[in-house]
Amino acid sequence: MAINFINQPSSEGTTGLPKHVIQLVSEAIDSASSELRRLNLEKRKPASCLPDDALPELGHACGHNLIATSTLASAVGASAAMKELIIPGTLIVMGTPAEETGGGKYIMANHGAWKDCSVVLMTHAMPDFSTARTVTKASWKFRAKFHGKAAHAAAAPWNGNNACDAIVMAYNGLGLLRQQIQKTESIQSVILEAGKAPNIIPDYAEGSFSLRAFDSKALERLRSRVIPIFDGAAASMGCTVELFWDALYEDVVTNMALASRYTHYMINDLGLTPADILPPSDLSAKVDQNGSSYVARRNTTLDPSQKALTLQISSDFGNCSYIQPGIQTLFSINATDMPHTPSFQKAAGTDFAHTESLRAGKANALIGLEVLLDEGFYKEVKSDWINDMKERGRLPE
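Residues numbered from 1 in each chain as written. Predicted model: local features only at pLDDT ≥ 70, side-chain atom pairs only at ≥ 80, totals over all residues. Heavy atoms only, no water.

## Description of the overall build of the protein chain
Helix and strand content of the protein chain: 13 helices and 10 strands. Considering the protein chain as a whole, with its 397 residues, one finds that 53% of them fall into the buried category. Across the protein chain, the fraction of contacts at a sequence separation of at least 24, relative to all contacts at a separation of at least 6, is 80%. Per element, the accessible surface of the protein chain, about 17100 Å² overall, is 54% carbon and sulfur. (Helix = DSSP H or I, 4+ residues; strand = E, 2+ residues; numbered from the N terminus. Buried < 20%, exposed > 50% of the residue type's maximum accessible area, 1.4 Å probe, protein only. Contact = heavy atoms within 4.5 Å. Areas by Shrake-Rupley, 256 points an atom, 1.4 Å probe, with all protein chains shown as cover.)

Dropping the structure here:
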């Protein structure tokens, strides 16, 4: 959900919306709960939902059905308040396909989506913790296609240029590079094709590769070290290489003003306790992204903040957060395993998960309304985002 800001008088020292507005939003969403649940159970894909894709074979094992429910709930609650209280502004619910496989938000962002919005809000289900601060890595996948020259491998190998050798050299080069990259960086590789028969010098080889780094700036530095490996491997074997880069998943830049207000509403107005949701100010979530979230979650010696900090996921919501202030909040659905597993898919279809998605939707609706109603709050949100972008080199100092 996105909001376009309309100038309104500032409220000095505000700590949230009036109780009657909060009640209005909550009642509007509760009244639509059964219909939203029906859409969830029938696995429909409303045009106005945010992520409208699922995983092959596993279905909604990443909980995109819950994100859609939460987003629709936000829209229901915010629009009801805007109509009854005559609040000027524009509420936008934008469909974003292909998060799992194609980086839909990357493509949409490159075509101007969100540039005219004031804030961008989204949720995501997690197994056993809730927080308003999402920590992700920047990620970029690519295909490498090597072109050589075929020849008889026994009778005249000197007439060939071995594309298989070229891709193996690149594969091994990445393996050696791993010794010199940061702990927060990773490289994954797989060779998809490298010849058909041992007595033929392969004239074609192809592989799929993935890079991850702490943030988008670090990812670009890693990318600049990877490309020469492929160029050198191809040149050494007399081959050529083409690199085809897929969608860039930027790291999520959590707007702390929005995250703090989301947490405030969850604790003070929507039924959570401080023990139920991690504080967004906990910087440990940005310390060590090189651990395994599955291992961390199973390790009972870690406190909840350390469970959150080791997330290895990437999300194309990060692209939105570099365009406008935003948050992708996380809510617990009491799953026994991480997303992209059968047990998470089962948990995503429960009544409990549905209820928690509505709770998250209520909080985002309230934040959106506050952006519309409180100029002082929105200035704080925008100021935080500008500072974040300056730190990342996206805006001049």
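## Looking at the packing of aromatic side chains
Summed over all chains, the structure comprises 6 aromatic pairs. For the ring pair Phe-142 and Trp-245, a centre distance of 4.3 Å and an interplane angle of 35 degrees mean the geometry is tilted. A residue pair is termed long-range when its members are at least 10 positions apart, and Phe-142 in strand β4 (residues 138-147) and Trp-245 in strand β9 (residues 240-249) qualify at 103 residues. For Phe-142, a relative accessible area of 1% puts it in the buried group. A relative accessible area of 22% means that Trp-245 is categorised as partly exposed. Taken together, the aromatic side chains of Trp-140, Phe-142, Phe-146, Phe-209, Phe-230 and Trp-245 make up a single cluster linked through ring pairs. The ring of Tyr-249 has Lys-141 lying over it, and the distance from NZ or CZ to the ring centre is 6.0 Å. (Phe/Tyr/Trp six-rings, centres within 6.5 Å; stacked < 30°, edge-to-face > 60°. Lys NZ or Arg CZ within 6 Å of the ring centre and 35° of its normal.)

## Remarks on helix α5 (residues 163-177)
Under the 1.5 Å per step criterion, the end-to-end length of α5 is 21 Å for 15 residues, consistent within 8% with the ideal 21 Å. When α5 is considered as a whole, its buried residues turn out to be Ala-163, Ala-166, Ile-167, Ala-170, Gly-173, Leu-174 and Leu-177. Looking down the long axis of α5, one finds its buried residues gathered within 115 degrees of arc, a one-sided arrangement. In this structure, the buried residues of α5 make contact with β4, β6 (186-193), β8 (204-213) and α6 (216-236). (Expected span 1.5 Å × (residues − 1). Arc of directions from axis to C-beta.)

## Considering the state of the cysteines
Scanning all chains against the criterion turns up 0 disulfides. In this structure Cys-117 is not part of a disulfide, and its nearest cysteine sulfur, from Cys-320, lies 9.1 Å away. (Disulfide = S-S within 2.5 Å.)

## Brief notes about the pattern of salt bridges
As enumerated under the stated definition, the model contains 11 salt bridges in all. Between Glu-206 and Arg-143 there is a salt bridge, with its nearest N and O atoms 2.5 Å apart. Taken together, the residues Glu-206 in strand β8 and Arg-143 in strand β4 connect sequence positions 63 residues apart. Of the residues examined, Glu-206 reaches a relative accessible area of 11% and is grouped as buried. Of the residues examined, Arg-143 reaches a relative accessible area of 34% and is grouped as partly exposed. Between Glu-356 and Arg-359 there is a salt bridge, and its shortest N-O distance comes to 2.9 Å. (Salt bridge = Lys/Arg side-chain N within 4 Å of Asp/Glu carboxyl O.)

## What to know about a nonpolar patch on the surface
On the surface, a nonpolar cluster with roughly 210 Å² of combined accessible area is contributed by Val-168, Tyr-171 and Ile-191. Structurally, Tyr-171 can be placed in helix α5. (Patch = residues over 30% accessible without salt bridge, like charges linked within 9 Å, V, L, I, M, F, W, Y side chains within 5 Å.)

## Some thoughts on the sheet that holds β6
What the 4 strands build is an open sheet, ordered β6-β8-β4-β9; its pairing is antiparallel. What marks the edges here is a single partner per strand, and that holds for β6 and β9. Across this sheet, the average inter-strand angle for adjacent strands is 15 degrees, counted without regard to direction. α5 contacts β4, β6 and β8 of the sheet and is inclined by roughly 165 degrees relative to β6. Contacting β4, β6, β8 and β9, α6 crosses the sheet at an angle of about 10 degrees to β4. (Pairing = 2+ DSSP bridges. Axes fitted to C-alpha atoms, helices over the stretch in contact; angles between N-to-C directions.)

## What to know about unusual backbone geometry
Residues apart from glycine generally show negative phi values, whereas peptide bonds are mostly found in trans. The phi angle at Trp-114 is positive, at roughly 75 degrees, despite the residue not being glycine. Along the chain, Trp-114 falls in the loop between α4 (104-110) and β3 (119-126). One non-glycine residue, Asn-334, lies in the positive phi region at around 55 degrees. With respect to the element layout, Asn-334 can be found in the loop between β10 (326-332) and α11 (342-347).

## Structural notes on the environment of Pro-202
Looking at where Pro-202 falls in the secondary structure, it is placed in the loop between β7 (200-201) and β8. The sequence separation of Pro-202 and His-147 amounts to 55 residues, and the corresponding C-alpha distance is 8.7 Å. Residues in contact with Pro-202, not counting those within four places in the same chain, are Lys-149, Asn-161, Asn-162, Ala-163, Cys-164, Ala-194 and Gly-195.

## Focus on helix α7 (residues 256-268)
Since the α-helix packs 3.6 residues into each turn, any two residues three or four apart lie on the same face. Relative to the 18 Å expected for 13 residues at 1.5 Å per residue, α7 spans 18 Å between its end C-alpha atoms, a close match to the ideal helical length. Buried within α7 we find Ala-257, Leu-258, Ala-259, Arg-261, Tyr-262, Thr-263, Tyr-265 and Met-266. Buried residues along α7 sit against α1 (19-31), β3, β10, α12 (351-373) and α13 (375-391).

## Focus on the pairing of β10
Of all 7 residues in β10, 7 are buried, a share of seventy percent or more. What you see with β10 is no split at all: Gly-326, Gln-328, Leu-330 and Ser-332 on one side and Ile-327, Thr-329 and Phe-331 on the other are buried throughout.

## A few points about the confidence of the model for the protein chain
Of all residues in the protein chain, 80% have pLDDT values of 70 or greater, and the mean over the chain is 83. When pLDDT is averaged over each element of the protein chain, α5 comes out on top at 98 and helix α8 (residues 293-298) at the bottom at 38. A low-confidence stretch, residues 5-14 (pLDDT under 50), is modelled with 24 contacts involving residues beyond four sequence positions or located in other chains. Scored below 50 in pLDDT, residues 284-310 shows 51 contacts in the model against residues more than four places distant or in partner chains. (pLDDT = per-residue confidence, 0-100.)

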